[in-house]
Amino acid sequence: MDFMQGNFNNNGLGSLENAIPPLDHNVNYYQEYCRLFIANVVLTTQLKELIAEKNELLNRVADLERRQNKAGGGDSASLDPPKKTRIRRKATDISRNYVCPVKTCAKGYGAEGSLVQHIKLKHPEVMEDPDWKMKLLSNKGSEEGSVKNDSQSGLNQ
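Residues numbered from 1 in each chain as written. Predicted model: local features only at pLDDT ≥ 70, side-chain atom pairs only at ≥ 80, totals over all residues. Heavy atoms only, no water.

Participant: Lay out the overall build of the chain with the relevant residues and their values.
Facilitator: For the chain, the helix and strand inventory stands at six helices and two strands. In the chain, the order of α-helices and β-strands from amino to carboxyl end is α-α-α-β-β-α-α-α. Taking all contacts inside the chain whose residues are at least 6 apart in sequence as the whole, residues at least 24 apart take part in 11%. Accessible surface, the chain as shown: approximately 14,200 Å² in total, 55% of it carbon and sulfur. (Helix = DSSP H or I, 4+ residues; strand = E, 2+ residues; numbered from the N terminus. Contact = heavy atoms within 4.5 Å. Areas by Shrake-Rupley, 256 points an atom, 1.4 Å probe, with all protein chains shown as cover.)

Participant: How would you explain the packing of aromatic side chains if you had to name every residue and give the values?
Facilitator: Evaluation of the coordinates by the stated rule reveals one aromatic pair. Measuring from centroid to centroid gives 6.2 Å for Tyr-33 and Phe-37, while their planes differ by 25 degrees, and the two rings are stacked. With Tyr-33 and Phe-37 both in helix 3 (residues 29-71) and four residues apart, the pair spans about one turn of that helix. (Phe/Tyr/Trp six-rings, centres within 6.5 Å; stacked < 30°, edge-to-face > 60°.)

Participant: Could you give an account of the nonpolar core, naming the residues involved and the relevant values?
Facilitator: Counting 10 residues, the largest nonpolar core is built from Tyr-98, Cys-100, Val-102, Cys-105, Tyr-109, Leu-115, Val-116, Ile-119, Trp-132 and Leu-136. Listing elements by their share of this core, those giving two or more residues are helix 4 (112-122) and helix 5 (132-138). Take this core: its biggest share by element is three residues, from helix 4. In this structure, Val-102 is in contact with His-123 and Val-126, ignoring residues within four places of it in sequence. (Core = buried A, V, L, I, M, F, W, Y, C linked by side-chain atoms within 4.5 Å. Buried < 20%, exposed > 50% of the residue type's maximum accessible area, 1.4 Å probe, protein only.)

Participant: I'd love a proper account of the pattern of salt bridges, names of residues and values included.
Facilitator: Two side chains carrying opposite charge are able to pair once their charged atoms lie near each other. Tallied over the full model, the rule gives three salt bridges. Note that Glu-32 and Arg-35 form a salt bridge whose closest N and O atoms lie 2.5 Å from each other. Taken as a pair, Glu-32 and Arg-35 lie in helix 3 at a separation of three residues, close to a single helical turn. With a relative accessible area of 47%, Arg-35 lands in the partly exposed category. Salt-bridge contacts for Arg-67 lead to Asp-63; the nearest nitrogen and oxygen are separated by 3.0 Å. Placement of both Arg-67 and Asp-63 in helix 3 is noted, with a separation of four residues, approximately one turn of the helix. (Salt bridge = Lys/Arg side-chain N within 4 Å of Asp/Glu carboxyl O.)

Participant: Any details on the side chain of His-118? Residues and values, ideally.
Facilitator: Mapping His-118 onto the fold places it in helix 4. Within polar-contact distance, the side chain of His-118 engages the side chain of His-123 at 3.2 Å. In this structure, His-118 is in contact with Cys-100, Cys-105, Lys-107, Tyr-109 and His-123, ignoring residues within four places of it in sequence. (Polar contact = N/O pair within 3.5 Å; in protein donor to acceptor, adjacent residues only side chain to side chain.)

Structure below.
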């Protein structure tokens, strides 16, 4: 304010001569200007990103508080983000191509992983054979494969 109105006090704090440093011929002022300009652009960008992140966090906090108020208090499960519902196939829609190799078991599964899990849980004795998984994969669709192999073996004899 004092500078705009021409009121300068002589204690050195408000004078124009003390505000501008003396010219140093060893300093490249253009290069210094460019360095400071780039630093200013980088800092401005970082500041914008931080403000956006802050607003996002504030929105999440407000959303969590709304959910907590709807849940009626300190239910920690209500603070978890909403889970997407999995669409599962009906049992009748699953083609059971993976059949349990144990003769007394007639279970069939739609995925190899399900069959392997079944064998591990219900028939651990099958896993004692080191090649059990290879035999299991070769028996996939065993009824069709055995008929085909029998007919081929008959032709080769």
